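# A look at the structure
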Amino acid sequence: MKRVFAILLIALGCLLSFDAVQAQELQCDVRVSSNKVQGSDKTIYQNLQTSLYEFINNTKFTEINFRQAEKIECSMLVDVTSREGNYFTAEINLALRRPVYKSNYNTPMFNYIDRRFYFEYTDGQTLDFNPNTYISNITSTIGFYVYLFLGLDFDSFSLNGGDPFFAIAETIAHAAPQDPGSENGWSSTGRQNRYAIISDINNPTYQPLRQFIYDYHRQGLDKMAEKPDDARESMLNAIAQLQGIYERNPMCYFLQLLIESKRDEIIQVYSQGDMKIRTEAANIMKTIDPSQSSRYDEMLQNTGR
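Residues numbered from 1 in each chain as written. Predicted model: local features only at pLDDT ≥ 70, side-chain atom pairs only at ≥ 80, totals over all residues. Heavy atoms only, no water.

### Comments concerning the overall build of the chain
Applicable threshold: The way it works is that DSSP assigns letters per residue, a run of H or I at least four long becomes a helix, a run of E at least two long becomes a strand, and they are numbered from the N terminus. All radius of gyration figures rest on C-alpha atoms, and the globule criterion is 2.2 Å times the number of residues raised to 0.38. A contact between two residues is defined here by any heavy atoms of the two lying within 4.5 Å. Here the Shrake-Rupley method, with its probe set to 1.4 Å, supplies the accessible areas, and only the displayed protein chains count as covering residues. A residue counts as positive if it is Lys or Arg and as negative if it is Asp or Glu; His and the chain ends are not included. Positions of charges follow a simple convention, taking NZ of Lys, CZ of Arg, CG of Asp or CD of Glu.
Scanning the chain from N- to C-terminus turns up ten helices and four strands. Ordered by position from N to C terminus, the α and β elements of the chain give α-β-α-β-β-β-α-α-α-α-α-α-α-α. In terms of overall size, the chain behaves like a compact globule, its C-alpha atoms giving a radius of gyration of 20 Å where 305 residues would be expected to give roughly 19 Å. Of the contacts formed within the chain by residues at least 6 apart in sequence, a portion of 69% connects residues at least 24 apart. Approximately 14,200 Å² of the chain is accessible, and the part contributed by carbon and sulfur atoms is 47%. Taken as two groups, the 29 positive and 37 negative side-chain charges of the chain have centres that lie 5 Å from each other.

The structure is reproduced here in structure tokens:
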């Protein structure tokens, strides 16, 4: 597949000039909502939406040329909750999707609400970005999630294929303000923020999470159309790796996010197939996601294949 070949190019250090590259990587639906903010002047929010859309969809974040059909599908909803002059408080609803081989189905890769998005924006402002330098919180935060999306997508096609993108995401996190106890989403002492997400992903102790992403998607879902029983068994082996991380550290933040993103899909996949495999999957999920145990019992209600 294209992403596997692209990863080889990265490994070989293939450097393409930005002028020679035609197609950008993302196809992102970008929205800005100001429903929670008082005031009738909505122009600045419309302009912000346009600026963010162009930044995300027109910036080249890698040296890889994507065809239109290969672009990574995602969405970002910036829900502004308050404004004081040019200073905004918002939440970002993030969603990343990936097509499944030989199907019309898109699997959810990452669903997350970042509740600590604080930024300064002047109407008409140019959104400058450099992953190595903190210029503004708006471009560092959005750029961080772009590279996170790239890493997750590439990981799902090739084992550890997202390495170069996760490294850049970590560089962005390190360059951002690291005020102790800060609630800006970048604090290294925080347990549920951007810094925690990328730290978990790049932590060798949690490498099975990366293995899960590859095995679950490439060895599992991508084979579901042709060999559903084999696919479910491969996905079960992948899910078992999550249990190993849970036993090591049930508070691992990225583990929690993976479970939340994949919960509904896992229930759907294991509501059919061999009962033994379904039971094993249900038992693992009830162990690592105990608050949703009753939902995993749904997987066993259909007694047929």
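Now that the structure has been shown, the text picks up again.
### Brief notes about the packing of aromatic side chains
Heads up, the condition is: Pairs were defined over the aromatic rings of Phe, Tyr and Trp, the Trp ring being its six-membered one, requiring ring centres within 6.5 Å. Orientation was assigned from the angle between planes: stacked under 30 degrees, edge-to-face over 60, tilted for the rest. Exposure categories follow from relative accessible area, calculated using a 1.4 Å probe and restricted to protein chains: below 20% of the type maximum is buried, above 50% is exposed, and the middle band is partly exposed. Think of it as a cone above the ring: NZ of Lys or CZ of Arg counts as a charge over the ring if it is within 6 Å of the ring centre and within 35 degrees of the ring normal.
Under the definition given, this model contains 16 aromatic pairs. Seen in terms of ring centroids, Tyr112 and Tyr253 are 6.2 Å apart; in terms of plane orientation they differ by 75°. Their pairing is edge-to-face. Taken together, the positions of Tyr112 in strand β4 (residues 106-120) and Tyr253 in helix α8 (residues 253-269) put the pair 141 residues apart, joining distant regions of the chain. According to the relative accessible area criterion, Tyr112 is buried, its value standing at 9%. Using a relative accessible area of 8% as the deciding quantity, one classes Tyr253 as buried. One Lys or Arg, Arg98, reaches over the ring of Phe157 and ends 4.0 Å from the middle of that ring. The ring of Trp186 carries the charged tip of Arg194 above its face, separated from the ring centre by 4.6 Å.

### Examining the packing of helix α3 (residues 137-157) against helix α4 (residues 163-175)
Describing two packed helices takes the angle between their axes plus the distance from one axis to the other. Put simply, the test is: Angles here are taken between N-to-C directions and fall from 0 to 180 degrees, while the axes themselves are lines fitted to C-alpha atoms, restricted in helices to the stretch in contact. The cut-offs work like this: below 35 degrees is roughly parallel, past 145 is roughly antiparallel, 65 to 115 is roughly perpendicular, and the gaps in between are oblique. Put simply, a crossing is left-handed when the front helix is turned counterclockwise from the back one by less than a right angle, and right-handed when it is turned clockwise. Classification convention: Asp, Glu, Lys, Arg as charged; Ala, Val, Leu, Ile, Met, Phe, Trp, Tyr, Cys, Pro as nonpolar; all other residues, Gly among them, as polar.
The N-to-C vectors of α3 and α4 enclose an angle of 160°; their axes lie 8 Å apart at closest approach. With respect to their mutual orientation, α3 and α4 come out roughly antiparallel. In terms of crossing hand, the pair formed by α3 and α4 is left-handed. Side by side, α3 and α4 meet where Ser140, Gly143, Phe144, Tyr147, Leu148, Leu150, Gly151, Leu152, Phe154 and Asp155 of the first sit next to Asp163, Phe165, Phe166, Ile168, Ala169, Ile172 and Ala173 of the second. A breakdown of the residues in the contact of α3 with α4 according to their chemical character gives twelve nonpolar, three polar and two charged.

### Thoughts on the state of the cysteines
Quick note on the threshold: Only a pair of cysteine sulfur atoms within 2.5 Å qualifies as a disulfide here.
For the structure on display, the rule yields zero disulfides. The structure places no disulfide on Cys74, whose sulfur is separated from the nearest cysteine sulfur, that of Cys28, by 3.3 Å.

### A word on the sheet that holds β4
Threshold: Between any two strands, pairing holds if DSSP finds at least two bridges.
Strand order across the open sheet formed by four strands is β1-β2-β3-β4, with mixed pairing between neighbours. Each having just a single partner strand, β1 (26-33) and β4 make up the two edges of the open sheet. Across the sheet, the mean angle from the axis of one strand to that of its neighbour is 15°, orientation sign disregarded. As defined by bridge partners, strand β2 (residues 72-84) adjoins strand β3 (residues 87-99) across ten bridges and the pair is classed as antiparallel. Bridge pairing in β3 places Ser75 opposite Ala95. The strands that α3 touches are β1, β2, β3 and β4; relative to β4, the one it contacts most, it runs at about 165°.

### A short note on unusual backbone geometry
If you check the backbone angles, Lys102 has positive phi at about 55° while not being a glycine. In this structure, Lys102 sits in the loop between β3 and β4. According to the relative accessible area criterion, Lys102 is exposed, its value standing at 52%. For Asn160, which is not glycine, the phi torsion reads 60° and is therefore positive.

### Comments concerning the pattern of salt bridges
Quick reminder of the rule: We count a salt bridge whenever a side-chain nitrogen from Lys or Arg sits within 4 Å of a carboxyl oxygen from Asp or Glu.
Evaluated as defined, the whole model comprises 17 salt bridges. One salt bridge in this structure joins Asp29 and Arg31, with 3.0 Å as the shortest N-O distance. Across the salt bridge formed by Arg97 and Glu73, the nearest N and O atoms sit 3.9 Å from each other. Of this pair, Arg97 sits in strand β3 while Glu73 sits in strand β2, and the two are 24 residues apart along the sequence. Members of the salt-bridge network, linked through shared partners, are Arg98, Arg218 and Asp222.

### Quick notes on the nonpolar core
How we decide: In this description, a nonpolar core means a group of buried Ala, Val, Leu, Ile, Met, Phe, Trp, Tyr and Cys residues linked to one another through side-chain atoms lying within 4.5 Å.
Core analysis: the largest hydrophobic core is formed by 88 residues, its most contacted members being Met76 and Tyr270. When residues in this core are grouped by element, the largest group, eleven residues, is from α3. Excluding its chain neighbours within four sequence positions, the residues that come into contact with Met76 are Cys28, Asp29, Val30, Arg31, Ile56, Ile92, Asn93, Leu94, Ile142, Tyr145, Val146 and Phe149.

Honestly, it's all geometry; don't read function into it.
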